[in-house]
Amino acid sequence: MEALAERLSHLDTHVQGAIRVVTFYDTLMRRRVDLPALARASAALAECVAGIRLHGTARAIRMAPDGREASAPPAPASSTAPVVLDEEEIGSVWLERPGPPGPLDEVLLDRLAIAAAAVAERYGPARTTMADPALVELVVSPDCDEAARARALRLLGFAADLPLRVVAVRSRVPLDRIGGLVCPARPVKAATLAGMGVILATTVDADRFPADVRAGIGAADSPDRSWREARTALRLTTARRPVVQHDDLGALALLARIPEDAARDNADVAAIARIAGNPEDLETLDAYCETGSLRRAADCLHLHHSSVARRLEQIGRTLGIELTEPTGLLRARLALTAWRLLDD
């Protein structure tokens, strides 16, 4: 294989080179090499560092042209390509070539990405995360009988004795990437239902959600109840608390069971709706309700406490609530939570 790589590195024409690069990777795939061997052969062929990273693992494989693991700090990639399996991006491959990309780098990376996907499918640890939405809907539907739910879970790869967490997500970050981050050990499956992301996972690490992701995490043993809890938690996320676990809501979760008409008719909730058109007032009230302290709210808002005090005094007059009193703070927090549930 090293001799073949040596011959290919000195090809004269682009067409001949492209054909022989394809042949090179076809040979590697027939030999059923693993990812390190694939990266090692690619580095020898490209005569520069070659790398492979799968989203489901925390490790990047970087090999130098001499066949050893690259010891130098990673250089900026001169060219890169996604690794795609079952229409899902599961990782990436790249070359760290000093200077501009070579004439065959695009072909090489394309074939390397295809080979890496085949290796990942054969050996793992990266299995496709995106799932058939119909199966996921069966799992979380309250109208599904238990036999059909159990069958759907088996088809999705979940064992009957494993715990299952359900997460509701709103984000521009691809669901497969989120799933791989919050449950790197797998199994984890994801789909989009009615414009909302659904992640099914055996475990969920709430600290590993990417920035700008809003997520609600259910806690119930039954997937349909956990899905309902996850949606409630998602509705109560904010920029300050982008990830909410239903267990952490406590009695606040009861507000989700109040009929919407009754919530809208409440004077405090109606007052919150009136100030919602002013983002500054809403952010100030949210910080104060979250921290329960004027000075801590000022720290969160990066303002002087006297400025926050003036804002809260004005907001309190608009709401008709004395925010500095414990009862007033409680009323404001309940009203703000109820309004968020209505503003879904």
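What you are looking at is a predicted structure, and each value in this text was computed from that prediction instead of being measured.

## A few points about the overall build of the protein
- On a plain count of helices and strands, the protein comes out with 15 helices and 9 strands.
- Computed over its C-alpha atoms, the radius of gyration of the protein comes to 27 Å, more than 25% above the 20 Å expected for a compact globule of 344 residues.
- Expressed along its principal axes, the backbone C-alpha trace of the protein runs to roughly 80 × 55 × 30 Å.
- Among the 344 residues that make up the protein, the fraction classed as buried is 48%.
- Partitioning the contacts of the protein with sequence separation of at least 6, the portion at a separation of at least 24 is 61%.
- With an accessible surface of roughly 17,900 Å², the protein has 51% of that area assigned to carbon and sulfur atoms.

## Focus: helix H3 (residues 35-46)
- Helix length check: H3 (12 residues) gives 16 Å between terminal C-alpha atoms against 16 Å at 1.5 Å per residue, within 8%.
- When H3 is considered as a whole, its buried residues turn out to be Leu 35, Leu 38, Ala 39, Ala 41, Ser 42, Ala 43, Leu 45 and Ala 46.
- Measuring from the side-chain oxygen of the N-cap residue of H3 to the backbone nitrogen of Ala 37 gives 3.0 Å; that N-cap residue is Asp 34.
- Positive backbone phi, at 60°, marks Glu 47, one or two positions downstream of H3.

## What to know about the nonpolar core
- The biggest cluster of nonpolar side chains holds 35 residues, and the ones touching the most others in it are Tyr 25, Leu 35, Leu 38, Ile 52 and Val 93.
- Of all the secondary-structure elements, those providing two or more residues to this core are helix H2 (14-30), H3, strand S1 (49-54), strand S2 (60-63), strand S3 (79-85), strand S4 (88-96) and helix H4 (105-123).
- No other element matches H4, which puts 9 residues into this core.
- With 26 residues, the next largest nonpolar core counts Val 269, Cys 289, Leu 301 and Leu 329 among its residues.

## Thoughts on the pairing of S4
- Where burial is concerned, most of S4 is hidden: 8 out of the 9 residues are buried.
- Across 6 bridges, S1 lies against S4 in antiparallel orientation. When the bridges of S4 are listed, Ile 52 appears paired with Val 93.
- Sheet topology places S3 next to S4; 7 bridges connect them, and they run antiparallel. From the neighbouring strand, Ser 79 faces S4, where its bridge partner is Leu 95.

## Focus: the sheet that holds S3
- Strand order in the open sheet made by the 4 strands is S2-S1-S4-S3, with antiparallel pairing throughout. Because the sheet does not close on itself, it has two edges, and the strands there are S2 and S3. Direction aside, the axes of adjacent strands within the sheet are offset by 20° on average.
- Looking at chain direction, S1 and S2 are connected through 4 bridges and run antiparallel. Paired with Arg 53 across the strands is Ala 60, a residue of S2.

## Notes on the sheet that holds strand S7 (residues 196-201)
- Pairing in this open sheet of 5 strands is mixed, and the strands run S6-S7-S5-S8-S9 from one edge to the other. Both edges of this open sheet fall to strand S6 (188-193) and strand S9 (243-245), since each of them pairs with a single strand only. Ignoring which end each strand starts from, the neighbouring axes of this sheet average 20° apart.
- Against the sheet, helix H5 (residues 133-140) touches strand S5 (165-170), S6 and S7, its axis set at about 95° to S6.

## Structural notes on the packing of helix H13 (residues 294-301) against helix H14 (residues 305-319)
- At a closest axis distance of 9 Å, the pairing of H13 and H14 adopts a crossing angle of 105°. With respect to H14, the element H13 is oriented roughly perpendicular. Contacts between H13 and H14 pair Leu 294, Arg 295, Ala 298 and Leu 301 from the former with His 305, Val 308, Ala 309 and Leu 312 from the latter.

## Structural notes on the environment of Leu 329
- Inspection of the secondary structure puts Leu 329 in helix H15 (residues 326-342).
- With residues up to four places along the chain from it excluded, the contact list for Leu 329 reads Tyr 288, Cys 289, Gly 292, Glu 322 and Leu 323.

## Structural notes on the confidence of the model for the protein
- This prediction gives the protein a mean pLDDT of 87; 92% of its residues lie at or above 70.
- The element-level mean pLDDT for the protein is lowest in helix H1 (residues 2-8), coming to 55, with strand S8 (residues 214-217) highest at 97.

What counts and what doesn't
- Residues numbered from 1 in each chain as written.
- Predicted model: local features only at pLDDT ≥ 70, side-chain atom pairs only at ≥ 80, totals over all residues.
- Heavy atoms only, no water.
- Helix = DSSP H or I, 4+ residues; strand = E, 2+ residues; numbered from the N terminus.
- Rg over C-alpha atoms; globule rule 2.2 N^0.38 Å.
- Buried < 20%, exposed > 50% of the residue type's maximum accessible area, 1.4 Å probe, protein only.
- Contact = heavy atoms within 4.5 Å.
- Areas by Shrake-Rupley, 256 points an atom, 1.4 Å probe, with all protein chains shown as cover.
- Expected span 1.5 Å × (residues − 1).
- Polar contact = N/O pair within 3.5 Å; in protein donor to acceptor, adjacent residues only side chain to side chain.
- Core = buried A, V, L, I, M, F, W, Y, C linked by side-chain atoms within 4.5 Å.
- Pairing = 2+ DSSP bridges.
- Axes fitted to C-alpha atoms, helices over the stretch in contact; angles between N-to-C directions.
- Parallel < 35°, antiparallel > 145°, perpendicular 65-115°, else oblique.
- pLDDT = per-residue confidence, 0-100.

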